Each structure stands twice: as C-alpha cells, then as structure tokens.
Amino acid sequence: MPPADTGASTVIVDASAPSSPVITSRAAAPAAATERLEPGRPGYRKMSFALFAAGVAAFALLYSTQALLPAISASYGVSAGQASWTVSAATGALALCVLPLSALSERFGRRQMMTASLTVAVLVGMLVPFAPSIGWLIALRAIQGAALAGLPASAMAYLAEEVRPKALIAAIGLFVAGNSIGGMSGRILTGWVAQAWGWRAALAAVGLLALACAVAFHFLIPRARNFTPGTLNPKALAKTVGTHLGNPLLVRLYAIGALFMTVFGAVYTVIGYRLVEEPFSLPQGIVGSIFLVYLVGTVSSAAAGRLVARLGRRGALYLAVSTTTAGLLLSLADQLASVLLGLVLITAGFFAGHAVASSSVSRTATTGRAQASALYQSAYYLGSSAGGTLGAVAFHAGGWAATVALGLLAVLGVVSITLYGTRVARAERRALIPATR
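Residues numbered from 1 in each chain as written. Predicted model: local features only at pLDDT ≥ 70, side-chain atom pairs only at ≥ 80, totals over all residues. Heavy atoms only, no water.

Asks: Can you help me understand helix H2 (residues 69-76) in this one?
Replies: Note that an α-helix has 3.6 residues per turn; residues three or four places apart therefore point the same way. All buried positions along H2 are accounted for by Leu69, Pro70, Ile72, Ser73 and Tyr76. Here the buried residues of H2 occupy an arc of 165° about the axis, which is enough to place them on one side. Buried residues belonging to H2 abut helix H3 (80-108), helix H5 (134-148), helix H8 (199-220) and helix H10 (248-276). Note on H2: the residue one or two positions beyond its end, Gly77, has a positive phi of about 65°. (Buried < 20%, exposed > 50% of the residue type's maximum accessible area, 1.4 Å probe, protein only. Helix = DSSP H or I, 4+ residues; strand = E, 2+ residues; numbered from the N terminus. Arc of directions from axis to C-beta. Contact = heavy atoms within 4.5 Å.)

Asks: Would you explain the pattern of salt bridges in this entry?
Replies: Oppositely charged side chains may form a pair once their charged atoms are brought near each other. The final tally for this structure, using the stated rule, is one salt bridge. The partner of Arg274 in a salt bridge is Asp334, with the nearest N and O atoms 3.0 Å apart. Here Asp334 lies in the loop between helix H12 (295-330) and helix H13 (336-364) and Arg274 lies in helix H10, a separation of 60 residues in the sequence. Assessed through its relative accessible area of 49%, Asp334 is described here as partly exposed. (Salt bridge = Lys/Arg side-chain N within 4 Å of Asp/Glu carboxyl O.)

Asks: What exactly am I supposed to notice about H10 here?
Replies: Taking 1.5 Å of rise per residue, 29 residues should cover 42 Å, and H10 covers 43 Å from first to last C-alpha, within 8% of that figure. Where H10 bends most, at Val270, the angle is about 35°. Where H10 starts, the residue carrying a side-chain oxygen 3.0 Å from the main-chain nitrogen of Leu249 turns out to be Asn247. (Expected span 1.5 Å × (residues − 1). Bend = angle between axes of the 7 residues up to and from the residue. Polar contact = N/O pair within 3.5 Å; in protein donor to acceptor, adjacent residues only side chain to side chain.)

Asks: I tried to follow the packing of aromatic side chains on my own but got confused; where do I start?
Replies: Aromatic ring pairs are defined here through the distance separating the ring centres and the angle between the ring planes. Taken as a whole, this structure holds ten aromatic pairs when the rule is applied. Grouped by ring-pair contacts, the aromatic residues Phe264, Tyr268, Phe291, Phe350, Phe351, Tyr376, Tyr380 and Tyr381 constitute a single cluster. (Phe/Tyr/Trp six-rings, centres within 6.5 Å; stacked < 30°, edge-to-face > 60°.)

Asks: What should I look at first to understand the environment of Val293 in this one?
Replies: In this fold, Val293 is placed in the loop between helix H11 (284-289) and H12. With a relative accessible area of 12%, Val293 lands in the buried category. Ignoring any residue separated from it by four or fewer positions in sequence, one finds Val293 in contact with Tyr268, Leu343, Val344 and Thr347.

Asks: What should I look at first to understand the side chain of Glu162 in this one?
Replies: Relative to the assigned elements, Glu162 resides in helix H6 (residues 152-162). Buried and unpaired, Glu162 has no salt bridge, with Arg225 as the nearest side chain of opposite charge at 6.0 Å. In terms of polar contacts, Glu162 uses its side chain to reach the backbone amide nitrogen of Arg225, at 3.0 Å. (Lys, Arg positive; Asp, Glu negative; His and termini not counted.)

Asks: Please explain the side chain of Thr403 as it appears in this structure.
Replies: One can find Thr403 in helix H14 (residues 369-436). Within the local environment of Thr403, its side chain forms a polar contact with the backbone oxygen of Gly391, the two atoms lying 3.1 Å apart. Those residues in contact with Thr403, other than ones at most four positions away along the chain, are Ala266, Val270, Gly391, Ala394 and Phe395.

Asks: I'm lost on a nonpolar patch on the surface in this one. Help?
Replies: A contiguous nonpolar patch, built from Leu208, Leu211, Val215 and Phe219 and spanning about 400 Å² of accessible area, is present on the exposed surface. In this structure, Val215 sits in helix H8. (Patch = residues over 30% accessible without salt bridge, like charges linked within 9 Å, V, L, I, M, F, W, Y side chains within 5 Å. Areas by Shrake-Rupley, 256 points an atom, 1.4 Å probe, with all protein chains shown as cover.)

Asks: Could you clarify how one ought to interpret unusual backbone geometry in this entry?
Replies: Excluding glycine, residues mostly carry a negative phi; peptide bonds, for their part, are mostly trans. Cis geometry marks the peptide bond from Glu278 to Pro279, where omega comes out at 5°. Residue position: Pro279 is located in the loop between H10 and H11.

Following this line, the structure appears as structure tokens:
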C-alpha cells in the first residue's frame, strides 16, 4: 500500500503496464537491465536524493499558506473564506493541470517536465511574500499550483522507466516520503517563522527551502536513459479519459478520494482559526506544530494493506469512515486534548481511506493507468480545493460546528457510495450464479 503523504495523491506505477495511449509514435523503451537503476548501482542514490528533494520542495510550496491563514486574514482584513483561497487556488489549479502536463511529459520528457515545474514554482514562490493584496496572493498561488502539477505524475513515470521493477516500490516510497516531509515541514516552518517575523517572512523561508531543494534536484537527477519521446495524440487521450470516466467503479473511487479530501482540506484549513481563538489562544508557532499529527498518516496508510486483506476494500473504507467520523465529533469539545485526539483520528481515517481508494484505481484500470491515476489526482485536489473554501465559509458562518457538519456530510457521501458499490457487487455475483451451474 502507498505510504502516507500530505496531499500528493499516491500513484502506484506498474512497470509492466502498457504504454500510454496518448502517444502514437513512441518507440519501445530500451530494456537493457544494465541501464536500469537499483540500489548499489551508480546513480541510484543521487536519483533517490533528487526526487526526495523535489517532493520536499513541491509540497512545502503547495500548502505553504495553510498554517498562516489567520495571520493572512488579519493582514489583509479579509474573512477566513477569502483567505482560504490562497490554498484552494493552488490545489484547484494543480487539479486542472495535472492531466495535460502529465501528457506533455510523454512528449518532452519526465526530467524536463519536473525541472520546469520546480523552476517556475520556486520563482513564483520568491514573489509570493511581496503580494500587495489578497487578489495578487491568490493569483500567484494559482500559478504556483499549476506549475507544480507537472511534478507528481512525471516523477512516477520517470521512476517506472528508470528503476528496476524490484526496486521500484522503495524508490516511490522515498519520493512520497519527500512529499510528506515537505508538506509537514513547510507548515511547521511557516508557523514558527511567522510567530517571530510575520507571515511574509515565513513564506520567504519556504521559498528559500524550495530553492535549495530545486538546486539539489537539478544537480543530482540522472539523465533519462529509457525515455523515448512520442507524438501527442489528443484524440487518443480524450478517448482514454472518456473510457475511465465511463467506468462506474473508477468514478466511485474518484468521488471517494474527493470526498475524503474535502473533509481533510476543510479541517486543516480551518483548525488554525479555531486554535488561535478562545478558549485555546495558541501562538502561531504552536498552531503550525499541530501538523506533526500528519505522522499518524504514515502508520494508518501503511496499515491499509493489512486492513484490506482482512476486511476487504469496502470493509477498510467503512473503518476509515468510522474513524474519521469519531474524530470529527470528538473535535467539537472545547478541551485541547479532545481536539488533538480528534485530529489524530481524522488524519488516520483520511489517510487509510485515501490509500485504499488511490491504490484501487491502479488495480481497476487495465489500460491507460497513467491517465486513470491523473484523473484520481484531479478529483483529489478538487476535493482539497472545495474542502478548504467551503470549510472556511462554514466556519465564518457557524463556527467550528459548521465545519464539522460539512465534514460529516462529506463522510455520509463516502458511506453512500460504498453502500451502493456493495449492492452492485452483490447483484453482479447473483447474476453470475446461473452461468456457473
């Protein structure tokens, strides 16, 4: 099962999967075993550090404003709903651009796409601290999210092409670990820097961290040996996407990923506002450190494989939903210990549900797996964008209880979809019984 991350959708790449239907004139990739990277061979360690650094940079930038929303609201004199767009614009732009940019990487190369994505995102990150208004800040964050869309799918495809199959899962795990550490450390770093020098200095610190990581990536990433460019075929891409969107099971998995992320996005976008207000009145640095709870996701995501083996996919989803619901309800209390325990349960439930849904996409799609995974990422980040904005609007209108109500509504959606899937599966099994007699 995929390791936990902080917002980057996990994609399990099957190295034996058919080539992308987006490409019509792509020659067969070189298959010489000596050209594949693996532990102990030259280049593997550099590649691992390079992609780890890329993951840290990307997701430190993507969620850099989330822990700073109360300070941004106060600085610009805007509501929580308006400030939340500094997160939602980035994740929403990523959602819209991940599919076309992953297709472009088939033409221009994985390494080139990753380098371009990081370069543009870091350059924009240097401008973000100087945004003169909330509108400028939101616009810059949208550009940053669109640029970062070129990284996740390209990185997974690069690993599938350049790393020996037996070492692939470990290499992917290290990249996703970079995502997790980047998303978490970016939030913690901004919290403490903002407490000392303000939110603009905090965003500048994240930009410098990302710059250092991007430079390391540029000098460490090995050249691609097994990539052969092809000619883009928009009709083939549209046909593949249409096929996936016409698959009821894939659509249900996309919806489940989006709804889980709606809960998660709403909770972590708004929790800072709640904790800086009465009765908690926590300083900005402590609020940023709350994101250490993300480490719980590493455990629950890794345990998802065992849960599926024991309970089945739908059983694991029901357990994830129950855990998330318990956390939402527990977070309603005005005791800090209850809120923190609630966040632990919400985080554990979310990452388990996300791991089950994202890995099921890879198993369900028999062709065009890159596009199937890209569609999941799009749905996932659209859920993040919607959750962040709607959660903030709900908080502004009715406080934390309203944000929790939004989360419970999204959880109810997951339950409804899973129940429907259970009924469909039972009906299909009953329909097969006469044919087997």
